[in-house]
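The lines below spell out each chain.
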Amino acid sequence: RLSEKEIRKLQKEQKKSEKEAEAEARTKEVEDMVKMMRFVLVADYVSDKDGSRASVRPGTNFLIIDSLKGSLQIEPEWATARSGVTGSILPGNIIKYEYRMTGRKKNAWSISMNYATAYGNYDITLTVKPDGYADAVIRGNTDRFRISAIGRQTGIINMYGQLGDIEEARIYKGILLSNQT
């Protein structure tokens, strides 16, 4: 018969192994999304090149990568509309997509891509941790369309959030910008 102390120790070990198995499964899921070029980054907040941050409403700021197609929507909290969503969806094509393992333990992902739209090209760099939390840096290289955050124009915006499955993501789409120039 086990003592109470031994039972607690076994329960603690069991919880630890369960957490490790969950973390391992999530890491594999993130790896699959990165390699298959099929994920959505849903932002919790955004910032501009000067570091000014804005909280964002859940599901209104996102980057979808679906094979060679993509969608980008930025909607700062200060923006409001009758529908509740004021962001504009910027559809585009993924021209270049490269990824590599990074970090001391080589367990995080670094992704770089070129996102081509009717309004110009954007260089996007993502750093994705094994648990799926990610930072994205989006750089516009055109003056015809600038990503606006924090209530002013900026050519660089950062998104912080979690990578997820496209079908399971809770996102709210705004106005679709035409692919026509």
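Not measured: the values here are computed from a predicted model.

Notes on unusual backbone geometry
With the exception of glycine, the majority of residues adopt a negative phi angle, and the majority of peptide bonds are in the trans configuration.
No. 1: For Met37, which is not a glycine, the phi torsion comes out positive at approximately 55°.
No. 2: Among the structural elements, Met37 can be located in the loop between α1 (4–36) and β1 (38–48).
No. 3: A residue is classified by how much of its surface remains accessible, and Met37, at 15% relative accessible area, is buried.
No. 4: Positive phi, normally seen in glycine, also occurs at Lys106, with a value near 55°.
No. 5: Considering the arrangement of structural elements, one finds Lys106 in the loop between β5 (88–102) and β6 (108–117).

Focus on the confidence of the model for the protein
Any residue range with low pLDDT should be treated as having predicted coordinates unsuitable for detailed reading.
No. 1: A residue-level look at the protein finds 81% of positions with pLDDT of 70 or above and a mean pLDDT of 82.
No. 2: Least confident of the elements in the protein is strand β9 (residues 147–149), whose mean pLDDT is 49; most confident is β6, at 94.
No. 3: Below a pLDDT of 50 lies the segment residues 78–83, which in the model reaches seven contacts outside its immediate sequence neighbourhood of four places, other chains included.

Quick look at the pairing of β1
No. 1: Most of β1 sits inside the fold, with eight of its eleven residues counted as buried.
No. 2: In this structure, β1 lies alongside strand β3 (residues 62–66), joined through five bridges in antiparallel fashion. From the neighbouring strand, Leu41 faces β3, where its bridge partner is Leu63.
No. 3: Note: β1 against strand β11 (residues 156–164), eight bridges, orientation antiparallel. Its bridge partner lying in β11, Leu41 is registered against Leu163.
No. 4: Counting the residues that bridge the hairpin from β1 to strand β2 (residues 53–55) gives four residues, and of these Gly51 lies at a positive phi of roughly 90°.

Considering α1
No. 1: Its 33 residues place the ends of α1 48 Å apart at the C-alpha level, agreeing with the 48 Å of an ideal helix rising 1.5 Å per residue.
No. 2: The complete set of buried residues in α1 reads Arg26, Val30, Met33 and Val34.
No. 3: Residue Met37 follows α1 closely and has a positive phi angle near 55°.

Brief notes about the packing of aromatic side chains
No. 1: The final tally for this structure, using the stated rule, is three aromatic pairs.
No. 2: Taking 4.6 Å as the distance between ring centres and 25° as the angle between the ring planes, the aromatic pair formed by Tyr45 and Tyr160 counts as stacked. Of this pair, Tyr45 sits in strand β1 while Tyr160 sits in strand β11; the two residues are 115 residues apart in sequence, bridging distant segments of the chain.
No. 3: On the numbers, 5.5 Å between centres and 65° between planes, the contact of Tyr99 with Trp109 is edge-to-face. On the criterion of sequence distance, the pair formed by Tyr99 in strand β5 and Trp109 in strand β6 is long-range, its members being ten residues apart.
No. 4: For Trp109, a relative accessible area of 5% gives the class buried.
No. 5: A network of ring pairs unites the aromatic residues Tyr97, Tyr99 and Trp109 as a single cluster.

Reading the values: the criteria
Residues numbered from 1 in each chain as written. Predicted model: local features only at pLDDT ≥ 70, side-chain atom pairs only at ≥ 80, totals over all residues. Heavy atoms only, no water. Helix = DSSP H or I, 4+ residues; strand = E, 2+ residues; numbered from the N terminus. Buried < 20%, exposed > 50% of the residue type's maximum accessible area, 1.4 Å probe, protein only. pLDDT = per-residue confidence, 0-100. Contact = heavy atoms within 4.5 Å. Pairing = 2+ DSSP bridges. Expected span 1.5 Å × (residues − 1). Phe/Tyr/Trp six-rings, centres within 6.5 Å; stacked < 30°, edge-to-face > 60°.

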